[in-house]
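Here are the chains, one letter per residue:
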Amino acid sequence: DKEDEVVQSRIFSDDEEEELHEDEMLKPATYLPDQRVFAKDGEGVYEATVLRVALRPSKKNPKQTHEWNYYVHYLGWNSRWDKWLVESDLLGDTPEARALAEVERQKVKEAEKERKAKKEEKERIKLERKIKRQQALAAKKEAAEKAKEEAL
């Protein structure tokens, strides 16, 4: 999937890029490689670093034939989550963006805490059931031995 996206990217010559800027009033890329940004992903906002910038055919903006795309790495995440995003999915490194990311971090922390509590509860119930089964088996075995003794 990522390979396909990279193949679709095109490096434009300076003349071609200048022509695109003139024809479509395309502004220069807002973000540059190695720049820290905050990337929207679903409902969350995560701290990321721009790895690559590419001018690609526009998928979302019908008024433009090309738009800037940014290949980002989410900080603290495995590189398999790296992906191409359009500029509207990025926020600059501002106090507001940092605050949004912090709220998201807290949500993730709370969700993880809840998931862990549910897992522990499941394990506790599973263990209780196992103990009850063992007790029932032991009681059955004891009753069988008692019946055997009484038969003698």
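In what follows, the structure referred to is the one given above.
What counts and how
Residues numbered from 1 in each chain as written. Predicted model: local features only at pLDDT ≥ 70, side-chain atom pairs only at ≥ 80, totals over all residues. Heavy atoms only, no water. Helix = DSSP H or I, 4+ residues; strand = E, 2+ residues; numbered from the N terminus. Contact = heavy atoms within 4.5 Å. Areas by Shrake-Rupley, 256 points an atom, 1.4 Å probe, with all protein chains shown as cover. Phe/Tyr/Trp six-rings, centres within 6.5 Å; stacked < 30°, edge-to-face > 60°. Buried < 20%, exposed > 50% of the residue type's maximum accessible area, 1.4 Å probe, protein only. Patch = residues over 30% accessible without salt bridge, like charges linked within 9 Å, V, L, I, M, F, W, Y side chains within 5 Å. Salt bridge = Lys/Arg side-chain N within 4 Å of Asp/Glu carboxyl O. Lys, Arg positive; Asp, Glu negative; His and termini not counted. Charge placed at Lys NZ, Arg CZ, Asp CG, Glu CD. Pairing = 2+ DSSP bridges. Axes fitted to C-alpha atoms, helices over the stretch in contact; angles between N-to-C directions. Core = buried A, V, L, I, M, F, W, Y, C linked by side-chain atoms within 4.5 Å.

Enquirer: Can you walk me through the overall build of the chain in this structure?
Expert: Regarding its fold elements, the chain presents three helices and five strands. Going from the N terminus to the C terminus, the chain shows its helices and strands as α-α-β-β-β-β-β-α. Partitioning the intrachain contacts of the chain with sequence separation of at least 6 by distance along the chain shows that 52% fall at a separation of at least 24. Element-wise, carbon and sulfur atoms account for 54% of the exposed surface of the chain, whose accessible area totals about 11900 Å².

Enquirer: Please clarify how the packing of aromatic side chains should be interpreted in this entry.
Expert: To describe a pair of aromatic rings, one takes the distance between the centres and the angle between the planes. Within the structure shown, the criterion is met by six aromatic pairs. Residues tyrosine 31 and tyrosine 70 carry aromatic rings whose centres are separated by 5.5 Å and whose planes lie at 75° to one another, so their mutual orientation is edge-to-face. Pair noted here: tyrosine 31 is in the loop between helix H2 (14-24) and strand S1 (36-41) and tyrosine 70 is in strand S3 (residues 66-74), with a separation of 39 residues, a long-range link. We classify tyrosine 31 as buried; its relative accessible area is 9%. Classification of tyrosine 70 as buried rests on a relative accessible area of 0%.

Enquirer: Would you mind showing me how to read the side chain of aspartate 89 here?
Expert: Mapped onto the elements, aspartate 89 comes out in the loop between strand S4 (83-86) and strand S5 (90-91). If we ignore the near neighbours within four places in the chain, the residues touching aspartate 89 are Phe38, Ala39, Lys40 and Lys60.

Enquirer: Help me out: how do you make sense of a positive patch on the surface in this one?
Expert: Residues Lys126, Arg129, Lys130, Lys132 and Arg133 make up a contiguous surface patch of positive charge. Taking relative accessible area as the criterion, lysine 130 reaches 43% and is therefore assigned partly exposed.

Enquirer: I'm lost on the sheet that holds strand S2 (residues 44-57) in this one. Help?
Expert: Strands belonging to one sheet form pairs held by backbone hydrogen bonds; the direction of such a pair is parallel or antiparallel. Strands sit in the order S4-S3-S2-S1-S5 across an open sheet of five strands; the sheet is antiparallel. Both outer strands of the open sheet, S4 and S5, are each paired with one neighbouring strand and no more. Most of the contacts of helix H3 (residues 95-151) go to S2, to which it runs at about 120°, and overall it touches S1, S2 and S5.

Enquirer: Whenever I open this one, the nonpolar core confuses me. Can you help?
Expert: Across soluble globular proteins, nonpolar side chains show a tendency to be buried alongside one another. Val37, Ala39, Tyr70, Val72, Tyr74 and Leu90 are the most contacted members of the largest nonpolar core, which has 13 residues in total. Mapped by element, the contributors of at least two residues to this core are S1, S2 and S3. Ignoring sequence-local partners within four residues, the contact set of tyrosine 74 consists of Ala39, Lys40, Asp41, Tyr46, Glu47, Ala48, Trp81, Asp82, Lys83 and Leu85.

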